[in-house]
Structures are given as C-alpha cells and as structure tokens.
Amino acid sequence: DRYGNKQSGLVTYLADACEAGTKILPNCFVTKVLKEKDKKCGRFKATGVMASVEGRTIRVNANKCVICSAGSLNTPCLLLKSGFKNRHIGRHLHLHPVTCAVGIIPQKGDEKINNGGVTGDAGEGVMSMISRSLSPSRKDAANVPTRPSHLDGSVLGWLGAPMTAVCNQFTQGPENDGYGARLECPSSHTGLMGAGLSWTTPSLFKETLAIARNSAVVIVLQRDHTEGTVRPDKNGRPKISYVLEDRDKRSMLQSLCGAMSVLAKAGAVYLRSCHDDDEGINLEHVKAEDKEAVVQKYNDSITYRSMPKYTMSVFSAHQMGTCRLGSSPSTSAADEDGELWDCDDLYIADASTLPTASGANPMLTTLAVAHMIANRIALRLQYEDDRIDLADEVDMFYAIQLAARRDDRRARANSLVECVLNFVFSRGSAYFIATVAMAAVLQAWKDGNFFLI
C-alpha cells in the first residue's frame, strides 16, 4: 500500500507518533524488561528494556513507564523471560480456530465448467474430470488438465475487499452459549489456497488450483472455549501448546456443514472440506430435487470424520488473551488499566489483554483497548506532574479515580490473601503439596499405618 490508501498504521498511528517526537528503532528485538524495587513501597517498577539492534546490545531507560505491545505470542514470552511470575502470563491463549469449505461455481449461463477440449471426452466437465481423477487406479494420469479454459471468472476470490459478507446463523453454537462460529468469505488467492488445501493426490491438487478463479471459499471462524499456553523455548521464541476441545470441534463441524449447504445453494457443482481424506463431492449431474439429500449425506460424512489430530487443515485467525486484564492478580495478569500486577509502570496494550475470545476479528477491539489504556496512562502522568488544568473538572475527576484505583491495586496485590491465592494456583504450589504428601506417606509407613491413609 505505497500510497496509503488503506490508512494502515504506517500512515496513521506511527506517523502521528513520529510527529510528536517518537523515535522508532527498526530491526530491534527487545530481550528483557528491566525492573528495580521501589524503596518507598517495596514493589518492583519497570525502569527500561534491554534490546538487540543489528547485533548490538543496547539499554533503553524509561523515564515514566514501559508499554509492551508485542502481541499475544511475544508479549507473554518477553515478560516470562524478564522474570515475572504471575500464573496468568502466557495462559488463556485463544486462537479463533478456522477451517474452510470450498465450492466450485460453474461458468455463468452454463450448467458445467467445460474443459475446452484440453483433455477428455467432448463436453466433459472439469468437475467430472476431478471426480474421475480421484480413483487410486486411474490409468490416464498423464491426461491431467493443466489449465481449464472457458472459465468466466465468476468468483475471482482474490479481488475486491475481503470479509464483506458474513453469516451469523451459527454464532450461538451447539450449546447455545455464544461460543459458535461465523461463516465469512476471505480473500482466496492461489497462494493461500495452495497452502490451505489438504493434499490427497497430486492430480487433484493441481486440478483444484487450476480452477481457482471459479473457487468460492467460506471459512468457519470459531469463538473458542479452548485455552492454550505460550512459553519461550530455549531460544526465547514462542512455543505454543493448544489442543482443540471437543465442544469447539462440534461447533466447527456444525458450521462447516452449514457452509457446504450455503455453497450448494449458491450453485456450486463441487464441494470439498479440508479433511485430508476428503475427496469432495461432485454435484454436476445431481438433479435439483435430489441435491439437498445428497449434500446432507455428504455433511453426515463430514460429521462422522470429526476432527482428529493431524487429519484436517485448521488455521489460527487471531491470537488473544495471554496477559488478560482483570480485577485481581488471582484471575488476571494485569489490572483494568493495563498495568501488570507484578510490576508498577509496566503496561500491556495489545490483543493479549482480552479476557476471552472475541468471536470476531479483534482488530477494532484491540485498538479500542489500546486507546483506553493510552488515555489512562496519559491522564495518570499528567496528574502526577500537576499538568491537569484545575478548571477541567472531568479530567481531574477521572485522574483522582485512577490514582485511587492504582493505590487500591497495589494494596490488593501485596495483601496476604492475594499472595496465598497466587501461591495455591501457581506451579510451585504443586511441588510443595507433593512434598508434604510424600512426607505424610513416609511417616505413615514408619508408624505402620500405611493402609489407613
């Protein structure tokens, strides 16, 4: 977007920041957040960061605060590498798992997509050739069509604005709890389709991409109950652990079947899911009165396949929740103003702050949360520096509220109850409980009461 037509962050937020005096260091990799103990309150406060810039290690000191906006994968890794111990850092990872349905829309005004005489019998449709190519015993593999012609490009899924159509039919989910899926129409260029298509046979893969211009793709975007984790590996890079829960699988399969029905109603002559062993279904010669029953039978096969590990292409649309905001360090990584419970003057302002999966593209939500946190930081600093106009009663009122809430946050974070709760739910407590239990077993064994335990 060299002309700035999309109004991305490069020409809006970053441009505004540079005009206000911000310095941007390209190719900079922050390795650690620096902290020291405040002698007045006994709490840690952020003082700067260590970073690597093109092979050189530098230290950046913070006059007021440090704001971490490295995203839901890198923010928790940076905090963990910096020694912060809150148990919610790096947990509650939501990914909006996605799978898709692919339908082939025929040439307008024709009942089938003709192969234009490239190969095959006269008048044979491309979908018939795809269906014929699925047989493992196919003897005419050399006759795979390389570029089907006479396609009018009635879909051209790589043109125009993406995500301009959405279906909310399945957003409530099978359990009617709001954790369902949305059906959306993405930008489906050939590179993305090639990466997302499951591999069954070389000929099928080639033929499917050869008619990509007539391919309609509908994605299933799931609002996930599933919570994963992210931790730094030995090289400091994010290491993700995420296993999709059965209830999310049920919701995705239900929505995927709905997507197949949508494509069939739109006139698709071929349907296919992202299951590795799914050869798709050819509707080219199915009578109109039989189509619904045939599609339902195909949907039943999708449901039967379910979603075992490593048998279906599943993508992550968005990452959220690994440093979520909350009202207590026993349930969250940062307070409602974005300040880390473990450390004063260290703020989080990215999608990791979201407490649950949003269920839709979280871009605007993330921007809104970051804007809220930025305004509260600015108001707090203005109040501490006595730079708020006394005549501005609204700003003064909110600044006093922020200050009182911050003092209360410090008190709660340092309270004995919160420390006990954090300990009970921390990983270290497991070792402590195991040690106590082992000691009790050994003592009972010595007393001869082992079988009474």
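Given the structure is predicted, the values throughout are model-derived calculations rather than measurements.

Draft legend 1. Highlighting the overall build of the protein. Looking only at helices and strands, one finds 11 helices and 14 strands in the protein. Taken over 453 residues, the protein has a buried fraction of 41%. Within the protein, contacts between residues at least 6 apart in sequence are counted, and of these 67% link residues at least 24 apart. Accessible surface for the protein amounts to roughly 24,800 Å². Of this, 56% is attributable to carbon and sulfur atoms.

Draft legend 2. Representation of the packing of helix α6 (residues 246–265) against helix α7 (residues 288–305) within the structure. It is the contact of α6 with α7, at a shortest axis distance of 10 Å, that shows an interaxial angle of 155 degrees. Comparing their axes, α7 and α6 come out roughly antiparallel. Crossing geometry of α6 relative to α7 is assigned as right-handed. Only Lys291, Val295, Tyr298, Asn299, Ile302 and Thr303 of α7 make contact with α6, whose side of the interface consists of Leu253, Leu256, Cys257, Met260, Ser261 and Ala264. Split by residue class, the contact of α6 with α7 holds 8 nonpolar, 3 polar and 1 charged.

Draft legend 3. Spatial organisation of the side chain of glutamate 339. With respect to the helices, strands and loops of the structure, glutamate 339 is situated in the loop between β13 (315–316) and β14 (346–348). Reaching out from glutamate 339, the side chain makes a polar contact with the backbone nitrogen of aspartate 345 at a distance of 2.6 Å. A polar side-chain atom of glutamate 339 sits 2.8 Å from a polar atom in the side chain of arginine 406. What glutamate 339 contacts, discounting residues up to four positions off in sequence, is Ala334, Asp344, Asp345, Leu346, Tyr347, Arg380, Arg406 and Arg409.

Draft legend 4. Just helix α8 (residues 363–384), in detail. Here α8 contains 22 residues, and its C-alpha end-to-end distance of 32 Å stays within 8% of the 32 Å for a straight helix at 1.5 Å per residue. For α8, every residue scored as buried is listed here: Thr366, Val369, Ile373, Ile377, Leu379, Arg380 and Leu381. Looking one or two residues beyond α8, the residue adopting positive phi is aspartate 386, at roughly 55 degrees.

Draft legend 5. Main features of the confidence of the model for the protein. Summary statistics for the protein give a mean pLDDT of 83 and a share of 80% for residues scoring 70 or more. Across residues 110–151, confidence stays below pLDDT 50; counting only partners more than four residues off in sequence or on other chains, it has 82 contacts.

Draft legend 6. Main features of the nonpolar core. In this structure, Leu256, Met260, Leu263, Leu271 and Ile302 are the most contacted members of the largest nonpolar core, which totals 33 residues. Looking at this core, the elements with two or more residues in it are β5 (97–104), β7 (181–184), β8 (215–222), α6 and α7. With 8 residues, α6 is the largest single contributor of residues to this core. With near-sequence residues (within four places) excluded, leucine 271 lies in contact with Val102, Gly103, Met260, Leu263, Ala264, Gly280, Ile281, Leu283, Val295 and Tyr298. In this structure, Val33, Ala46, Val66 and Cys323 belong to the second largest nonpolar core, which totals 15 residues.

Draft legend 7. Region of the structure containing a nonpolar patch on the surface. A cluster of nonpolar side chains, contributed by Leu10, Val11, Leu14 and Ile24, occupies part of the molecular surface with about 370 Å² of accessible area. Secondary-structure assignment places leucine 14 in helix α1 (residues 13–19).

Draft legend 8. Highlighting the pattern of salt bridges. Scanning the entire structure with this criterion turns up 14 salt bridges. The shortest N-O distance in the salt bridge between arginine 405 and aspartate 337 comes to 2.6 Å. One end of the pair, arginine 405, is in helix α9 (residues 393–414); the other, aspartate 337, is in the loop between β13 and β14, and 68 residues separate them in sequence. The salt bridge partner of arginine 380 is aspartate 345, with a shortest N-O separation of 2.6 Å. A residue pair is termed long-range when its members are at least 10 positions apart, and arginine 380 in helix α8 and aspartate 345 in the loop between β13 and β14 qualify at 35 residues. Neither arginine 380 nor aspartate 345 differs from the other in exposure class; each is buried. Three or more residues are tied together by salt bridges with common partners; here these are Lys45, Glu339, Asp345, Arg380, Glu384 and Arg406.

Draft legend 9. Inspection of the pairing of strand β2 (residues 44–53) at higher detail. Of the strand pairs in this sheet, strand β1 (residues 28–37) and β2 are connected by 9 bridges, and their pairing is antiparallel. Considered in β2, the bridge of phenylalanine 29 is made with serine 52. Taking the residues between adjacent antiparallel strands as the criterion, β1 and β2 are bridged by 6 residues, where glycine 42 takes a positive phi near 75 degrees. Between β2 and strand β3 (residues 56–61), which pair antiparallel and follow one another directly, the connecting turn spans 2 residues, one of which, glutamate 54, has a positive phi of 50 degrees.

Draft legend 10. Geometry of the environment of lysine 249. Take lysine 249: it is sitting in helix α6. Considering only alpha carbons, one finds lysine 249 and threonine 226, 23 residues apart in sequence, at a separation of 10.0 Å. Setting aside chain neighbours within four positions, we find lysine 249 in contact with Leu244 and Met307. A polar contact of 3.2 Å, which involves the side chain of lysine 249, links it to the backbone oxygen of methionine 307.

Draft legend 11. Examining the side chain of histidine 225 more closely. As for its placement among the helices and strands, histidine 225 is situated in the loop between β8 and β9 (229–232). Among the polar contacts made by the side chain of histidine 225, one reaches the side chain of aspartate 177 at a distance of 2.9 Å. Contacts of histidine 225, omitting those with residues within four sequence positions, involve His94, Asp177, Tyr179, Glu245, Arg247 and Asp248.

Draft legend 12. Layout of the sheet that holds β1. Taken in spatial order, the 3 strands line up as β1-β2-β3 in an open sheet, and their pairing is antiparallel. Each edge of the sheet is formed by a strand with only one pairing partner; in this case those strands are β1 and β3. Geometrically, the sheet is characterised by an average inter-axis angle of 25 degrees between neighbouring strands, direction not taken into account. Bridge count for β2 against β3 is 6 bridges, and the pairing is antiparallel. By the bridge assignment for β3, alanine 51 is matched with isoleucine 58.

So, how was this worked out
Residues numbered from 1 in each chain as written. Predicted model: local features only at pLDDT ≥ 70, side-chain atom pairs only at ≥ 80, totals over all residues. Heavy atoms only, no water. Helix = DSSP H or I, 4+ residues; strand = E, 2+ residues; numbered from the N terminus. Buried < 20%, exposed > 50% of the residue type's maximum accessible area, 1.4 Å probe, protein only. Contact = heavy atoms within 4.5 Å. Areas by Shrake-Rupley, 256 points an atom, 1.4 Å probe, with all protein chains shown as cover. Axes fitted to C-alpha atoms, helices over the stretch in contact; angles between N-to-C directions. Parallel < 35°, antiparallel > 145°, perpendicular 65-115°, else oblique. Left-handed = near helix turned anticlockwise from the far one by under 90°. Nonpolar A, V, L, I, M, F, W, Y, C, P; charged D, E, K, R; others polar. Polar contact = N/O pair within 3.5 Å; in protein donor to acceptor, adjacent residues only side chain to side chain. Expected span 1.5 Å × (residues − 1). pLDDT = per-residue confidence, 0-100. Core = buried A, V, L, I, M, F, W, Y, C linked by side-chain atoms within 4.5 Å. Patch = residues over 30% accessible without salt bridge, like charges linked within 9 Å, V, L, I, M, F, W, Y side chains within 5 Å. Salt bridge = Lys/Arg side-chain N within 4 Å of Asp/Glu carboxyl O. Pairing = 2+ DSSP bridges.

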